[in-house]
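# Survey of secondary and tertiary structure
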Amino acid sequence: MSTGTAIVVASGKGGTGKTSLTGGIAACLARLGRKVLCIDMDIGLRNLDISLGMTDRALMDFTDVVEGRCSLNRAAACHPDMENLSLLTAPMRLPDTVTPEGMATLLEAAKAQYDYVLLDAPAGLDAGFRLAACAADRAIVVATNDASSLRDAQRTVGELSHIPTVHLVMNRVQPKLLRKLRTTIDDAMDTAGLPLLGVVPEDKTVILAANMGKPVIFTGRQGAANAYLNIAKRLEGRRTPIMRIR
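Before going into details, it helps to say that this report is about the structure given with it. (Residues numbered from 1 in each chain as written. Predicted model: local features only at pLDDT ≥ 70, side-chain atom pairs only at ≥ 80, totals over all residues. Heavy atoms only, no water.)

## Re the pattern of salt bridges
Here the structure, examined in full by the defined rule, presents 8 salt bridges. Between Arg172 and Glu202 there is a salt bridge, with the nearest N and O atoms lying 3.2 Å from each other. Remark: Glu202 occurs in the loop between strand 8 (196-201) and helix 10 (205-212) and Arg172 occurs in strand 7 (residues 165-173); sequence separation between them is 30 residues. When its relative accessible area of 38% is taken as the criterion, Arg172 is described as partly exposed. Classification of Glu202 as partly exposed rests on a relative accessible area of 36%. One network of salt bridges, with partners in common, ties together Asp64, Glu67 and Arg69. (Salt bridge = Lys/Arg side-chain N within 4 Å of Asp/Glu carboxyl O. Helix = DSSP H or I, 4+ residues; strand = E, 2+ residues; numbered from the N terminus. Buried < 20%, exposed > 50% of the residue type's maximum accessible area, 1.4 Å probe, protein only.)

Below you can see the structure in the form of structure tokens.
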């Protein structure tokens, strides 16, 4: 019987910082004591291992489990510094034999072992996105404050109608740009048509941490690291104020 929650993290376009956000939230949930599995669904362009500080540690990919070549326990690579955080990476190409039904079976097995399963969906709305979202319990749509990103977020929401709980995260928010455009986070929420789960400021520490091979939460509790932690707490059902950036 499954007990965990599968959350797909999606965005309509690239460049929103979706993968960094996925890794940041996952590491924070693990820091809060939850057992977390990240699944990189970005076939051919996998980078979630870098955001997690697990470069090239995952040797098996999710198709190895779906197609029965190895067990989930064997395929999921454990984080070197956080024993309750694991990664299942993406293949370089998606075999025709991997179906939504097979992915759903994998997620059921994963939810029986992990508190949270975070799926980093590829940008766009093609087959990879649909596979990532096919059996998720919740969804996070990631957008920046530019008009094209918010429009793509709206389109993404339209493809997630089968998921009962969908939230918006405004990522890479620059206060000066918001003031210049005379926009607010509330405007972005209205445009995307979603409740807000969190706001993450633009933070160079995200790139620095990835280059150092460690999750952002290891660098301190400021900026993006603090925003990721607040989002993780909200996913846990805790009352945590949303960072207001204006």
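## Considerations on the sheet that holds strand 5 (residues 116-120)
Taking strand neighbours across the sheet as the criterion, the 8 strands line up as 3-4-2-5-1-6-7-8 in an open arrangement whose pairing is mixed. Each edge of the open sheet carries a strand with a single partner, namely strand 3 (77-78) and strand 8. Both strand 1 (residues 5-10) and strand 6 (residues 138-143) contribute to a ladder of 4 bridges, which runs parallel. Note on strand 6: the bridge partner recorded for Val9 is Ile140. The sheet strands contacting helix 5 (residues 100-111) are strand 1, strand 2 (36-40), strand 4 (85-88) and strand 5, and the helix crosses strand 5 at an angle near 145°. (Pairing = 2+ DSSP bridges. Contact = heavy atoms within 4.5 Å. Axes fitted to C-alpha atoms, helices over the stretch in contact; angles between N-to-C directions.)

## Observations concerning the layout of surface pockets
Here the largest pocket is characterised by a volume of approximately 370 Å³. Considering the residues around the largest pocket, the lining is formed by 24 residues, among which Gly17, Thr19, Ser20, Asn47 and Ser51 are closest to the centre. Of all the elements in the fold, those that place two or more residues in the lining of the largest pocket are helix 1 (18-31), helix 2 (48-52) and helix 10. Take the lining of the largest pocket: its biggest share by element is 5 residues, from helix 10. Classifying every residue of the lining of the largest pocket by side-chain character gives 9 nonpolar, 11 polar and 4 charged. (1 Å grid on protein atoms, 1.4 Å probe; cavity = no way out; pocket = protein on both sides within 12 Å on 5 of 7 lines; lining within 4 Å. Points joined across faces, edges and corners; volume = space filled by probe spheres on them. Nonpolar A, V, L, I, M, F, W, Y, C, P; charged D, E, K, R; others polar.)

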